[in-house]
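Listed here are the chains, written in short residue letters.
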Amino acid sequence: MRKTYDVIVIGAGHAGIEASLAAARMGSKTLLITMDLDKIGYMSCNPAIGGIGKGQLVKEIDALGGEMGKAADACGIQFRILNRSKGHAVWSSRAQIDRALYLKYMQKIVRETRNLDLMEGSVSEFIVKKGVIKGVKLGNGGAVKSKTTVLAPGTFLNGLIHIGLTHTPGGRLGDQPSLGLSENLIALGFNIARLKTGTTPRLDGRTIRFSGLKKQTGDTPASPFSFSTEKIKGKQIPCFITYTNKKTHKIISDNLGRSPLYTGKIQSTGARYCPSIEDKIVRFSGRDRHQIFLEPEGLKTNQYYPNGISTSLPLDAQLKMIRSIKGLEKAEILTPGYGIEYDFLCPTQLKPTLETKLIENLFFAGQINGTTGYEEAAAQGFVAGVNASLKVKSKEPFALDRSESYIGVLIDDLVTKGTNEPYRMFTSRVEYRLLLREDNADQRLMEKGCKKLGLISGRQYKKMLSKKTSINKALKKLGGIKIYPNAKVNNRLKRLNITPISNAVTMFDLLKRPGVNFNMLEKINKDGKIPLSDNEIQEVEIEVKYKGFIDRQLKEVENFRKIEYIKIPGDLEFKDVPGLSKEIVEKLSRIRPLNLGQASRVSGVTPVAITILMIYLKKFRSL
């Protein structure tokens, strides 16, 4: 092809979709190459978006101008906020998704996006000249020129599927793997390793006995992911809960000799936080049962996903295991569960922009960087696509730090620490999670999405500013309204089960009290009426009730940024810094941190080493 693209994106999973949409919407001429155009947006694993730590990623993608949140809202069939019994810092949205509807939605969006072309085919080799990507060679012998390239292959790089002791090449069940590209990457100097993931058998819902199972319904009203969604309009349906038992565990134990995990056929590291059912009964042998969520895959299908029993046992053993479980005694398997091994590249070979350090203008996103999950992939895809477009335009790169987003934590963990197992995002990984809540993702990131990236409309940005102004006005008003101790006021407090006051207090201080919510304030004092939406009320309550903790984290962020903004020159030779040990010099030279903050998070780099670096930079680099 004579045409030269600004950006080529390889792979049309969740990472590839966000990368190609972001680049095209920013005005870059983009080509999305996939092995099967009909599988764009296919959900290879469970039919769900979000989850603990993952819901925050989806909200942030949306606040920056990505598509996943809007797609989830349009295709969701059950919405729930997880961790409601805990503090707001860890509340996380999750939605069951209609798999077929999601596929249709994403394909429509991709096909109708300006500046975005589609190509069905495979990539066999990168065209690199003098350390810069110039395009790709195709499996059919053709070639396409490009200024930048984003590689987002999911589990397709040398993918190998395991069902029992049978293994076949595949990127996922029913799809061919990508062959040859890994070898090309190795030849270019990249370090490649293997990881493993897996999925559950799919069941025929017509053969499941739901009557004796616990029904799990969604939240009413449903809370959307996207800040542009006013209301969830789709039909909502329940999930069901059942459990494995001692009989199930014996069947699995009896068949471990036929499991690729326990016979050495699979040697790659699997996901620690999403283990197979074989792993569960071996690692947690003292447990009598494990929970299973029977998740519907859509409104117009009978297929169910039994979340919690990922397996690579032989099909006959899978069927015995399934039929030992309550409600599944007569269940039929529509598609077997399987394990899959695939190639990934250690992400310490990347910059925080997800551009590779080795090849200029080449970006990696998704499972190739060692992550697991749709949401982690989409977040990386968005950042890679944005930076590919910015690179073409010779503009400043886009990066988020740990103090402003979950996406920043995700990417910093990957490029600074690397991973030797599939990386999954959790709230526990985020130091400043009270500041980085789902509800305020728009206030944290939408200005960047609008003014820096041009992916958020002016109208949506103004809507966010209006919300922010309302919240700030409400907080100020609450601090300015005082109530005084008298019989009338204290009687009102008693009726609301609130301890009476003996001194004058502001409404702000009263709202701090446990058990007091925003809607009670008007009943205590008519001046306490402040017109706010439900979402705005929630944010006001959080800001008031957690004020001490929020102020403390803001101080921590201030200290964090003191060294985060001290840049390390790209040409600095760490061996020239007096006082650094040989081990630390080797680690810093390999990672090439961009600033002192990132250097401090490199495994094995001590606080003393950071102090030495700071002094050296101040003395010799005139900070």
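Treat the numbers as computed from the prediction; the structure is a model and nothing was measured.

**A word on the overall build of the protein chain**
Reasoning step 1: Assigned secondary structure in the protein chain consists of 20 helices and 22 strands.
Reasoning step 2: Relative to a compact globule of 623 residues, whose C-alpha radius of gyration would be 25 Å, the protein chain shows 26 Å and is just as compact.
Reasoning step 3: Dimensions of the protein chain, computed from the C-alpha atoms along their principal axes, are close to 85 × 75 × 50 Å.
Reasoning step 4: With 623 residues in all, the protein chain has 57% of them scored as buried.
Reasoning step 5: Relative to all contacts within the protein chain whose residues are 6 or more apart in sequence, the contacts with residues 24 or more apart total 73%.
Reasoning step 6: With an accessible surface of roughly 27200 Å², the protein chain has 50% of that area assigned to carbon and sulfur atoms.
Reasoning step 7: Charge separation in the protein chain, taken as the distance between the mean sites of 98 positive and 61 negative side-chain charges, equals 4 Å.

**Notes on the side chain of Thr419**
Reasoning step 1: Of note, Thr419 is situated in the loop between helix H10 (406–417) and helix H11 (441–452).
Reasoning step 2: Residue class for Thr419 comes out buried when judged on its relative accessible area of 17%.
Reasoning step 3: Of note is the side chain of Thr419, whose polar atom sits 2.5 Å from the backbone oxygen of Glu421.
Reasoning step 4: The residues contacting Thr419, other than those within four sequence positions of it, are Phe344, Pro347, Asn369, Gly370 and Leu414.

**What to know about the environment of Asn503**
Reasoning step 1: Positionally, Asn503 belongs in the loop between helix H13 (487–495) and strand E22 (505–506).
Reasoning step 2: Owing to a relative accessible area of 54%, Asn503 belongs among the exposed residues under this scheme.
Reasoning step 3: For the pair Asn503 and Val383, spaced 120 residues apart in the sequence, the C-alpha separation amounts to 53 Å.
Reasoning step 4: Residue contacts for Asn503: discarding those within four places in its chain leaves Ile483 and Pro485.

**Thoughts on the layout of surface pockets**
Reasoning step 1: Here the second largest pocket is characterised by a volume of approximately 1200 Å³.
Reasoning step 2: Around the second largest pocket sit 39 residues that line it, and Ser223, Pro224, Asp534, Asn535 and Glu536 are the ones nearest its centre.
Reasoning step 3: Contributions of two or more residues to the lining of the second largest pocket are made by H11, helix H12 (458–480) and helix H16 (534–545).
Reasoning step 4: Ranked by the residues each element gives to the lining of the second largest pocket, the list is headed by H16, at seven residues.

**Re the sheet that holds strand E15 (residues 239–243)**
Reasoning step 1: The antiparallel open sheet is built from six strands, whose spatial order is E14-E15-E16-E17-E13-E18. Edge positions in the open sheet fall to strand E14 (214–216) and strand E18 (333–335), since each of these has one partner strand only. Strand-to-strand twist in this sheet, taken as the mean axis angle between neighbours without regard to direction, amounts to 35 degrees.
Reasoning step 2: Examined bridge by bridge, strand E13 (residues 202–204) and E18 share two bridges and lie antiparallel to one another. Counted as the bridge partner of Leu203 is Ile333 from E18.

**Comments concerning the pairing of strand E11 (residues 166–169)**
Reasoning step 1: The pairing of strand E10 (residues 160–163) with E11 spans four bridges and is classified as antiparallel. By the bridge assignment for E11, His162 is matched with His167.

**A word on the packing of helix H1 (residues 14–25) against helix H4 (residues 99–112)**
Reasoning step 1: In contact at an axis separation of 11 Å, H1 and H4 are set at 25 degrees when each is read in the N-to-C sense. When the interaxial angle is binned, H1 and H4 end up roughly parallel. Of the two possible hands of crossing, H1 and H4 adopt the one that is left-handed. From H1, His14, Ile17, Leu21 and Arg25 reach across to H4, where they touch Tyr102, Met106, Ile109 and Val110.

**Looking at the packing of aromatic side chains**
Reasoning step 1: The final tally for this structure, using the stated rule, is five aromatic pairs.
Reasoning step 2: Measuring from ring centre to ring centre gives 6.4 Å for Phe79 and Phe225, while their planes differ by 55 degrees; the resulting arrangement is tilted. Taken together, the residues span a long stretch of sequence, with Phe79 in strand E4 (residues 76–82) and Phe225 in the loop between E14 and E15 at a distance of 146 residues.
Reasoning step 3: Between Phe190 and Phe364 the ring centres are 5.4 Å apart and the planes differ by 55 degrees, which places this aromatic pair in the tilted class. Separated by 174 residues along the polypeptide, Phe190 in the loop between helix H5 (181–187) and strand E12 (192–199) and Phe364 in strand E20 (residues 362–364) bring together distant segments of the chain.
Reasoning step 4: Between the NZ or CZ atom of Arg289 and the centre of the ring of Tyr243, over which it lies, the distance is 3.6 Å.

**Re H1**
Reasoning step 1: Over its 12 residues, H1 runs 17 Å from end to end, which matches the ideal 16 Å to within 8%, given 1.5 Å per residue.
Reasoning step 2: H1 sits mainly inside the fold: 11 of its 12 residues count as buried.
Reasoning step 3: Listed as buried for H1 are His14, Ala15, Gly16, Ile17, Glu18, Ala19, Ser20, Leu21, Ala22, Ala23 and Ala24.
Reasoning step 4: Looking one or two residues beyond H1, the residue adopting positive phi is Gly27, at roughly 95 degrees.

**So, the environment of Lys351**
Reasoning step 1: Structurally, Lys351 can be placed in the loop between strand E19 (338–345) and E20.
Reasoning step 2: Along the primary structure Lys351 and Leu315 are separated by 36 residues, whereas in three dimensions their C-alpha atoms are 43 Å apart.

**Considering the sheet that holds E4**
Reasoning step 1: Strand order in the open sheet made by the three strands is E3-E5-E4, with antiparallel pairing throughout. The sheet is open, and its two borders are formed by strand E3 (48–50) and E4, each paired with just one other strand. Going from strand to strand, the sheet's axes swing by 20 degrees on average, the running direction of each strand aside.
Reasoning step 2: As paired elements, E4 and strand E5 (residues 92–97) share six bridges and run antiparallel to each other. Residue pairing for E5: Phe79 is matched across the bridge by Ala95.

**With respect to the pairing of E10**
Reasoning step 1: As judged from the three bridges shared by E10 and E19, these two strands associate in the antiparallel manner. Looking across to E19, one finds that Ile161 is bridged to Ile340.
Reasoning step 2: Turn length for the E10-E11 hairpin, with the two strands adjacent in sequence and antiparallel, is two residues, and the turn residue Gly164 shows positive phi of about 65 degrees.

**Brief notes about unusual backbone geometry**
Where the residue is not glycine, phi is negative for most of them; where a peptide bond is considered, it is trans in most cases.
Reasoning step 1: Residue Pro221 is bonded to the preceding Thr220 through a cis peptide linkage, with omega at 0 degrees.
Reasoning step 2: Mapped onto the elements of the fold, Pro221 is located in the loop between E14 and E15.
Reasoning step 3: The phi dihedral of Asn158 falls on the positive side, at around 50 degrees, and the residue is not glycine.
Reasoning step 4: Mapped onto the elements, Asn158 comes out in the loop between strand E9 (143–151) and E10.
Reasoning step 5: Residue Asn158 is classed as buried on the basis of its relative accessible area of 18%.
Reasoning step 6: Backbone geometry at Asn361 places phi at a positive 75 degrees, although glycine is not the residue there.
Reasoning step 7: Secondary-structure assignment places Asn361 in the loop between E19 and E20.

How each quantity is defined
Residues numbered from 1 in each chain as written. Predicted model: local features only at pLDDT ≥ 70, side-chain atom pairs only at ≥ 80, totals over all residues. Heavy atoms only, no water. Helix = DSSP H or I, 4+ residues; strand = E, 2+ residues; numbered from the N terminus. Rg over C-alpha atoms; globule rule 2.2 N^0.38 Å. Buried < 20%, exposed > 50% of the residue type's maximum accessible area, 1.4 Å probe, protein only. Contact = heavy atoms within 4.5 Å. Areas by Shrake-Rupley, 256 points an atom, 1.4 Å probe, with all protein chains shown as cover. Lys, Arg positive; Asp, Glu negative; His and termini not counted. Charge placed at Lys NZ, Arg CZ, Asp CG, Glu CD. Polar contact = N/O pair within 3.5 Å; in protein donor to acceptor, adjacent residues only side chain to side chain. 1 Å grid on protein atoms, 1.4 Å probe; cavity = no way out; pocket = protein on both sides within 12 Å on 5 of 7 lines; lining within 4 Å. Points joined across faces, edges and corners; volume = space filled by probe spheres on them. Pairing = 2+ DSSP bridges. Axes fitted to C-alpha atoms, helices over the stretch in contact; angles between N-to-C directions. Parallel < 35°, antiparallel > 145°, perpendicular 65-115°, else oblique. Left-handed = near helix turned anticlockwise from the far one by under 90°. Phe/Tyr/Trp six-rings, centres within 6.5 Å; stacked < 30°, edge-to-face > 60°. Lys NZ or Arg CZ within 6 Å of the ring centre and 35° of its normal. Expected span 1.5 Å × (residues − 1).

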